[in-house]
Structure formats: structure tokens, C-alpha cells
Amino acid sequence: LTPPRGIILVGVPGCGKSLAAKAIAREWGLPLLKLDAGRLFDKFIGESEKNFRKAIEMAESLSPIVLWIDEIEKAMSAGGGSGDADAGLSRRLFGAFLTWLQEKKQDVFVVATANNLSALPPELLRKGRFDEIFFVDLPDRDERTAIWKIHLSLRKQNSTGFDLQKVVDASEGFSGSEIEQAVVAALYRALHRKQPLTTDLLVEELSRTVPLSVTRSEDIQQLRASAQGRFVIVR
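Definitions and cut-offs
- Position numbers for residues count from 1 along each chain, tracking the sequence in the order it is written.
- Only residues with pLDDT of at least 70 are given local features in this predicted model, and only at 80 or more are side-chain atom pairs given and counted; all residues enter the totals for whole chains, interfaces and linings.
- Heavy atoms throughout the structure, all of them, feed into the side-chain values; hydrogens and water do not.
- For the exposure calls, accessible area comes from a 1.4 Å probe over protein chains only, and a residue counts as buried if that area is under 20% of its type's maximum, exposed if over 50%, partly exposed in between.
- Secondary structure counts use DSSP, requiring at least four H or I residues in a row for a helix and at least two E residues in a row for a strand, with both numbered from the N terminus.
- Two strands pair if DSSP finds at least two bridges between them.
- We define a polar contact as two N or O atoms separated by no more than 3.5 Å, with the added condition that, inside protein, one atom must be a possible hydrogen donor and the other a possible acceptor, whereas residues neighbouring each other in sequence contribute only through side-chain atom pairs.
- When checking whether two residues touch, look at their non-hydrogen atoms; a contact exists if any pair is within 4.5 Å.
- Counted as salt bridges are all cases of a side-chain nitrogen of Lys or Arg within 4 Å of a carboxyl oxygen of Asp or Glu.

A. Representation of the pairing of strand 1 (residues 6–11) within the structure. Most of strand 1 sits out of view: 6 of its 6 residues are buried. A two-sided burial pattern is seen for strand 1, the buried positions comprising Gly6, Ile8 and Val10 on one face and Ile7, Leu9 and Gly11 on the other. Alignment of strand 1 against strand 4 (residues 108–114), held across 5 bridges, turns out to be parallel. When the sheet's bridge partners are listed, Ile8 is paired in strand 4 with Ala112.

B. Representation of the side chain of Thr199 within the structure. Residue placement: Thr199 occurs in helix 9 (residues 199–208). Of the polar contacts made by the side chain of Thr199, one reaches the backbone nitrogen of Asp163; its length is 2.9 Å. For Thr199, the residues in contact, after removing those within four places along its chain, are Phe162, Asp163, Lys166 and Val167.

C. Examining the pattern of salt bridges more closely. Scanning the entire structure with this criterion turns up 9 salt bridges. Between Glu205 and Arg189 there is a salt bridge, with the nearest N and O atoms lying 3.2 Å from each other. Taken together, the positions of Glu205 in helix 9 and Arg189 in helix 8 (residues 176–193) put the pair 16 residues apart, joining distant regions of the chain. For Glu205, a relative accessible area of 10% corresponds to the buried category.

Here it is in C-alpha cells:
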């Protein structure tokens, strides 16, 4: 069997897509290389294509590796357009990237993350470019419980000293990154008040936070609807 080509992780921001890329490399015991698409573009003619070739050659020379492309829709969205604004540069780079994905021989496993499905060109989503496309949704109750335990323990807080069920219920609709920031902000508030971190402080901080699932509820519902039946749903 040929080595797997890679995967795309799409879904709600802050739910662990980038963390999953790091976890894959660690689980497989492979180096992780991040492609900064913004640094590919250069003001001089021909330099952007040269930078792209250098990046690909470096990735292939380090194989086997995991190549992480974060927010690929921002780097590749111009490829789906006319390319008139940059004299077709982004379109040429996008075409070169698609060709490399299809024809690469070295063991470079590509993990691409994306927040906006509509910005991804259809050529990128077809089978053969990537092995699978996963949709990452907001964490459910059990997953939020695990996330709270992780971030409390990372900051030297014993989770058994808190009413986890209360904070889990209060964090309905929160992403993993929003839960992390709630813990950090509550710790600062506890420090300011010169008191230990408590369940009430965590709940108070959650009440002050409007999660992305509320501020961008229409976009998230549309994202979920577009993923149904098209991608593998994971949490």
C-alpha cells in the first residue's frame, strides 16, 4: 500500500484542529513542519514560485514528516478566483500545490486545517488530494469535562476541588480554547481578589464571556449543515 497522503480538518474555530496536527506528529514519532503560506509571497517576479519550490524541497528532504498547513483557506482562497489582482500568481501557486499533492512520492503527510468550507476550492476537496476530510464540532458534555480537567491541572489546580458539573453546564456551547481562556481569566481575577480559584469564579467568568457559538451562530449552523453527509464528523 502507498503511504497515506494527508487529511483536512475543517470545523468550528478553537476546537482543536491545530492541536490534532501536533498530536499526529507526536503519535507517529515524526517531525512536524509548519508551512507559513504568507512567507511564500514575494514582491519580485518569480520569487514566490521559487520560495514555494524551496519549501516543498525542504519538506521532501526531511521525509518522513508531517507537514502542517494552518488555515489553508486563507492561503489558497485566491487560487479559486480569477487571480487578476496579483497577475495570476496565487492561481499558479495553487495549481503547483495541487499538482504536488497529487504526484508527490516522498513520505510527507499533509495535515491541513480550515475554518471556512466555502472558501476552499472544489479541486482541493476531491478524493486523491487528501485521504479524508474530517469535520470537528464543538465539544459535548463529556468532552468539556475532560477539557476542564486538563486546563485546571495544567495550572496546578486540583479538579476534585471544583464542582465540575456546574462549570460544564455553564460552558455549554464553548469551544476548547474558550474554556482554556476562561480558566486563565478566572485565575487572574482570583489573584486580583487575593483568593483561591473557586467554582463561582469560573462560572462568573463564563457568564462574562459570549462564545463564538452565540456571536457567529448562523455561520456555525451553516458550517454544520454543509458538513452533514459530506465529511466524517468528529468531536
